[in-house]
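# Structure assessment
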Amino acid sequence: MKKYYIFASLLLGISSLSHAQQPVRESKGFYQFLTDDPNQKPFYSDRQGVMAQQGMVASAHPESSRVGTAILKKGGNAVDAAVAVQFALAVVHPSAGNIGGGGFMVFRAADGKSYTLDFREKAPLKGSKDMYLDAQGNVIPRLSTLGHLASGVPGSVAGMAAAHARFGKLPWADLLQPAIDLAQKGVIQTDREARGLNAIKESTQQVNPGTTYFLRSDGRAWQEGDTLVQKDLAKVLRAIQKKGREGFYAGRVARQLAKEMKKNKGIISKKDLKEYQAKWREPIIGDYKNYKIITMPPTSSGGVALMQLLRLTEPYPLTRWGWNTDSTAQVMIEAERRVYADRAKFLGDPDFVDVPVDKLISYDYLKERWQDFSFDQATDSKAVSGGNLPGYESLETTHFSIVDKDRNAVAITTTLNGGYGSKVIVKGGGFFMNNEMDDFSVKAGVPNMFGLIGNKANEIAPSKRMLSSMTPTIVEKDGQLYMVVGTPGGSTIITAVYQTILNVLEHGMTMQQSVNALKFHHQWLPDKTVFETGAFTENTINKLQNRGYILEQQRNTMGRMDCILVLPNGTLEGASDPRGDDTSVGY
């Protein structure tokens, strides 16, 4: 560490910036961030956090958060609650909650030991490197995003079964019952969920001709307050309740899924389902100043990228410079540029390629990556490629964070990839399948639906897991649980988690303020920085543009954070994103 801070002082000597310290003062329970623009409002919302003493669940839907909290009250631990929340989300949040997708879990036990579980989808056994290319080698539009060929082998049910088998306390059947009840009795639609179902009507009819799933029986559009009943999904959940993992990967449900695929030129087989297994992996663990970061290894790119971002940022006085000032933003943007270039070059499924994780997050390597940084001018992304090492991810994803009374903590991010995945609905099962095959490098150098570039390390191969941007993360302070964070957001997941952590650690925000805070994003290519309206002052925009940065304002939709912070007195602050239906519930 001493060597690194010598390196840091050299970096800071590059420029004699004269940034006035941005003071912070408390007013009526909120921090007012004083910038050069007195009219700036750094927050998307003035929502305040939910406080509780015993346990907390922060998830994308109020019903799933209530389900998880009820499990905690029954004596279940964080993993029990996570299983119940995952299956509840498959019912109440069909755009991203799922049994037809996959994801990642970071678990920190009350004794301080940490574990990570990879239940990412896999390419089917019949998958091949060029399966989405035409005879001329060009990418066939939409083939990897819409329809049966876009789906990878689902991992969510296997992931929940593996987590429960190792760490669960309550009976498995008890954890499935709330989701079954919700599917059988029906879920009252929020405005957001109703609009989502209306928006996909045409595409679901295209992919599933004649289907009546997710349509009102009277033919009219969904409205807030309508009830969605899912009887076929309830049957699937009962099979999983009765038989565990085998209730999905074998028997009737597996036959339904395989039949759906075979009938419509998909390639997922009963053998694919039978052979799928979730995999325990060693977590990525590193330090940021006095904080310990516990995050997800590949096949998630998020953990590697997050550690790189934090270590590149660590030498700089962000607290003194202030939230989203030009210097703070510039350092963060340039770090993001280099990290996403590395993501494209090096990261893939470690069961298939050698992913040099330790080297990528090493201080010596990051020092080399930073040599062409200058405060005077933006780096040209065309001049930035993945770094040199010797020898050598939806937008509609969902995340939830859980802490129980013993301070076991779970961070899970799970997805179908795009909203409602491939739009395939398994006949007889009533659940959506993912379109995760698009997260592979369909063709080297060609961007996926999120504009992310990939290379050989992430090319398609049978039974290979596709790369992801999901970044479930847990932070410790002084050896104790401090923060549980994560978000959906496709390629913006990594940068949203990065900013949310720094907002608390560097800018003195509460957990909820950090979630509410306006955000920005750069991902190497395309070479531009997108930012939520209000994230930068006009003065900051002008300064960055004068240094060559291309800035693009967008609607306030970056991230759907669901996080938990442990306050000094042990109180839990649940912070769910006001940009969605996300809700924290504690007791």
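Residues numbered from 1 in each chain as written. Predicted model: local features only at pLDDT ≥ 70, side-chain atom pairs only at ≥ 80, totals over all residues. Heavy atoms only, no water.

## Topic: the overall build of the protein chain
The helix and strand inventory of the protein chain stands at 19 helices and 21 strands. Its C-alpha radius of gyration of 23 Å places the protein chain within 12% of the 25 Å reference for a compact globule of 587 residues. Here the protein chain, with 587 residues, has 64% of them falling under the buried criterion. Per element, the accessible surface of the protein chain, about 21,500 Å² overall, is 50% carbon and sulfur. The average position of the 69 basic charges and that of the 60 acidic charges among the side chains of the protein chain differ by 6 Å. (Helix = DSSP H or I, 4+ residues; strand = E, 2+ residues; numbered from the N terminus. Rg over C-alpha atoms; globule rule 2.2 N^0.38 Å. Buried < 20%, exposed > 50% of the residue type's maximum accessible area, 1.4 Å probe, protein only. Areas by Shrake-Rupley, 256 points an atom, 1.4 Å probe, with all protein chains shown as cover. Lys, Arg positive; Asp, Glu negative; His and termini not counted. Charge placed at Lys NZ, Arg CZ, Asp CG, Glu CD.)

## Some thoughts on the pattern of salt bridges
In this structure the tally under the stated criterion is 34 salt bridges. A network of salt bridges, in which partner residues are shared, links Asp-118, Lys-279, Arg-281, Asp-349, Asp-351 and Arg-465. (Salt bridge = Lys/Arg side-chain N within 4 Å of Asp/Glu carboxyl O.)

## What about the UniProt feature "binding site: L-glutamate" (unreviewed entry) in the protein chain?
Taken from the UniProt record, the annotation "binding site: L-glutamate" (unreviewed entry) applies to Arg-120, Thr-415, Leu-416, Asn-417, Asp-439, Ser-468, Ser-469 and Gly-490. A distance of 3.1 Å separates a polar side-chain atom of Asn-417 from the backbone oxygen of Asn-435. Tracing the backbone through its elements, the reader meets Asp-439 in the loop between strand E13 (409-415) and strand E14 (473-477). For Asp-439, a relative accessible area of 4% corresponds to the buried category. (UniProt positions renumbered as here; feature names shortened; annotations may be inferred. Polar contact = N/O pair within 3.5 Å; in protein donor to acceptor, adjacent residues only side chain to side chain.)

## A short note on the packing of aromatic side chains
A full pass over the atoms with the stated rule returns 19 aromatic pairs. Measuring from centroid to centroid gives 6.1 Å for Tyr-316 and Phe-375, while their planes differ by 80°, and the two rings are edge-to-face. Of this pair, Tyr-316 sits in the loop between helix H12 (302-313) and helix H13 (318-321) while Phe-375 sits in the loop between helix H16 (363-369) and strand E12 (397-403); the two residues are 59 residues apart in sequence, bridging distant segments of the chain. For Tyr-316, a relative accessible area of 1% gives the class buried. An aromatic cluster is built from Tyr-316, Trp-321, Trp-370, Phe-373 and Phe-375, whose rings are joined through pairwise contacts. The ring of Trp-280 is capped by Arg-166, whose NZ or CZ atom sits 4.6 Å from the centre of that ring. Over the aromatic face of Trp-222 sits the side chain of Arg-216, whose NZ or CZ is 5.8 Å from the ring centroid. (Phe/Tyr/Trp six-rings, centres within 6.5 Å; stacked < 30°, edge-to-face > 60°. Lys NZ or Arg CZ within 6 Å of the ring centre and 35° of its normal.)

## Quick word on the side chain of Thr-299
Position of Thr-299 among the secondary structure elements: in the loop between strand E11 (291-295) and H12. Taking the relative accessible area as the measure of exposure, Thr-299 reaches 0% and is therefore buried. If sequence neighbours within four positions are ignored, Thr-299 has contacts with Phe-104, Asp-118, Arg-120, Arg-281, Gly-348, Asp-349, Pro-350, Arg-465, Met-466, Leu-467 and Ser-468. (Contact = heavy atoms within 4.5 Å.)

## Examining the pairing of strand E15 (residues 480-485)
In terms of burial, E15 is a largely internal element, five of the six residues being buried. Of the pairings in the sheet, the one linking E14 to E15 comprises five bridges and is antiparallel in character. Opposite Ile-474, over in E15, you have Val-484 as the bridge partner. Pairing between E15 and strand E19 (residues 562-566): two bridges, direction antiparallel. Along E19, the bridge assignment pairs Val-484 with Ile-564. (Pairing = 2+ DSSP bridges.)

## Structural notes on the sheet that holds strand E18 (residues 551-554)
Read across the sheet, three strands follow the order E16-E17-E18 without closing on themselves; strand pairing throughout is mixed. What marks the edges here is a single partner per strand, and that holds for strand E16 (520-521) and E18. Both E16 and strand E17 (residues 529-532) contribute to a ladder of two bridges, which runs antiparallel. Paired with Phe-520 across the strands is Phe-531, a residue of E17.

## A few points about helix H6 (residues 191-199)
Where H6 is concerned, the buried positions are Glu-193, Ala-194, Gly-196 and Leu-197. The buried side chains of H6 occupy one side of the element, clustering within an arc of 160° when seen end-on. Check the buried side of H6 and you find it contacts helix H3 (78-92), helix H7 (201-207) and strand E8 (227-228). (Arc of directions from axis to C-beta.)

## Topic: the sheet that holds E14
An order of E3-E20-E19-E15-E14-E11-E10 is seen for the seven strands of this open sheet, with the pairing classed as antiparallel. Strand pairing shows two members of the sheet lacking a second neighbour, strand E3 (50-52) and strand E10 (284-288), which therefore form its edges. Within this sheet the neighbouring strands show an average axis-to-axis angle of 25°, counted without direction. Across three bridges, E3 lies against strand E20 (residues 572-576) in antiparallel orientation. (Axes fitted to C-alpha atoms, helices over the stretch in contact; angles between N-to-C directions.)

## Topic: the pairing of strand E6 (residues 114-119)
Of all six residues in E6, six are buried; the element is thus mostly enclosed. What you see with E6 is no split at all: Ser-114, Thr-116 and Asp-118 on one side and Tyr-115, Leu-117 and Phe-119 on the other are buried throughout. As defined by bridge partners, strand E5 (residues 102-108) adjoins E6 across six bridges and the pair is classed as antiparallel. Counted as the bridge partner of Met-105 is Leu-117 from E6. Joining the antiparallel neighbours E5 and E6 is a turn of five residues, in which Gly-112 adopts a positive phi near 95°. Here E6 pairs with strand E9 (residues 279-281) via three bridges, running antiparallel. Its bridge partner being in E9, Thr-116 is matched across the sheet by Arg-281.

## Looking at the side chain of Arg-337
Here Arg-337 shows up in helix H14 (residues 326-346). Taking relative accessible area as the criterion, Arg-337 reaches 1% and is therefore assigned buried. A distance of 2.8 Å separates polar atoms of two side chains, one belonging to Arg-337 and the other to Asp-527. For Arg-337, the residues in contact, after removing those within four places along its chain, are Ala-378, Thr-379, Asp-380, Ser-381, Val-384, His-522, Trp-524, Asp-527 and Tyr-549.

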